[in-house]
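# Results of the structural survey
One letter stands for each residue in the lines below.
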Amino acid sequence: RVERDTLDQRLVHLQEGALRLAHERLTEAEANRRKLEQQYEAFKEAWESHMAVVLQDNTRLKSEMVSRKHTIVNRKDQVQIKVEMAEREREEIRVEKEAAEEKLQ
């Protein structure tokens, strides 16, 4: 009977130790989970901030490209107008030259 009580006490002692160990592991796992959640949130905030900057840069670059395109188109139009004016002036000079040659003959 004494031996049985001793075995029961040892069993209870082992079960208490196992329960304590399980509780410690659970506490540690929960602390690790909270730490990972904090790291994830920090990463998520940094990523969202980074992506906002990237999107802002992309929008700015697109705007600059559109502006440059309009500038190029405007310059092209201006050059085209100058070419047309030069062609008209050349034609006028040719007509005047022909008229002057006819007067000389």
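So, here is what we can say about the structure in this document. Here the residue numbers are simple positions, counted from 1 along each chain's written sequence. With the structure being a predicted model, the display of local features is reserved for residues of pLDDT at least 70 and the display and counting of side-chain atom pairs for 80 or more, all residues being used for whole-chain, interface and lining totals. Think of the side-chain values as coming from all heavy atoms in the structure, minus any hydrogens and water.

### Some details on the overall build of the chain
- We count a stretch as a helix when DSSP gives it H or I for four or more residues in a row; a strand needs E for two or more, and each element gets its number in order from the N terminus. Scanning the chain from terminus to terminus reveals one helix and zero strands.
- Considered along the principal axes of its C-alpha atoms, the chain spans approximately 150 × 15 × 10 Å.
- Categorising residues by exposure relies on relative accessible area from a 1.4 Å probe, with only protein chains included: less than 20% of the type maximum marks a residue as buried, more than 50% marks it as exposed, and the intermediate range marks it as partly exposed. Burial analysis of the chain (105 residues in total) assigns 0% to the buried set.
- Surface accessibility follows the Shrake-Rupley procedure with a 1.4 Å probe radius. Residue values consider only the protein chains on display as shielding. Element-wise, carbon and sulfur atoms account for 56% of the exposed surface of the chain, whose accessible area totals about 10500 Å².
- Measuring between centres, the 21 positive side-chain charges of the chain sit 3 Å from its 23 negative side-chain charges. Counted as positive: Lys and Arg. Counted as negative: Asp and Glu, with His and the chain ends omitted from the count. The location of each charge is read from NZ of Lys, CZ of Arg, CG of Asp or CD of Glu.

### Focus: the packing of aromatic side chains
- Pairing of aromatic side chains here covers Phe, Tyr and the six-membered ring of Trp, requires ring centres within 6.5 Å, and sorts the geometry by plane angle: under 30 degrees stacked, over 60 edge-to-face, intermediate tilted. What the rule picks out here adds up to one aromatic pair.
- Ring plane angle 20° and centroid distance 6.4 Å describe the contact between phenylalanine 43 and tryptophan 47, whose orientation is recorded as stacked. A residue pair is termed a helical-turn pair when its members lie 3 or 4 positions apart in one helix, as phenylalanine 43 and tryptophan 47 do in helix H1 (residues 2–104) at four residues.

### Things to note about the pattern of salt bridges
- Definition used for salt bridges: Asp or Glu carboxyl oxygen within 4 Å of a side-chain nitrogen of Lys or Arg. This structure, assessed with the given rule, holds six salt bridges.
- Between arginine 94 and glutamate 91 there is a salt bridge; the shortest N-O distance is 2.3 Å. Taken together, the positions of arginine 94 and glutamate 91, both in helix H1 and three residues apart, correspond to about one turn of that helix.
- One salt bridge connects arginine 94 with glutamate 98, and the closest N-O pair in it is separated by 2.4 Å. Taken together, the residues span about one helical turn, with arginine 94 and glutamate 98 both in helix H1 at a distance of four residues.
- The exposure class assigned to glutamate 98 is partly exposed, which follows from its relative accessible area of 37%.

### Concerning the environment of lysine 82
- Considering the arrangement of structural elements, one finds lysine 82 in helix H1.
- Separated by 53 residues in the primary sequence, lysine 82 and alanine 29 have C-alpha atoms spaced 78 Å apart.

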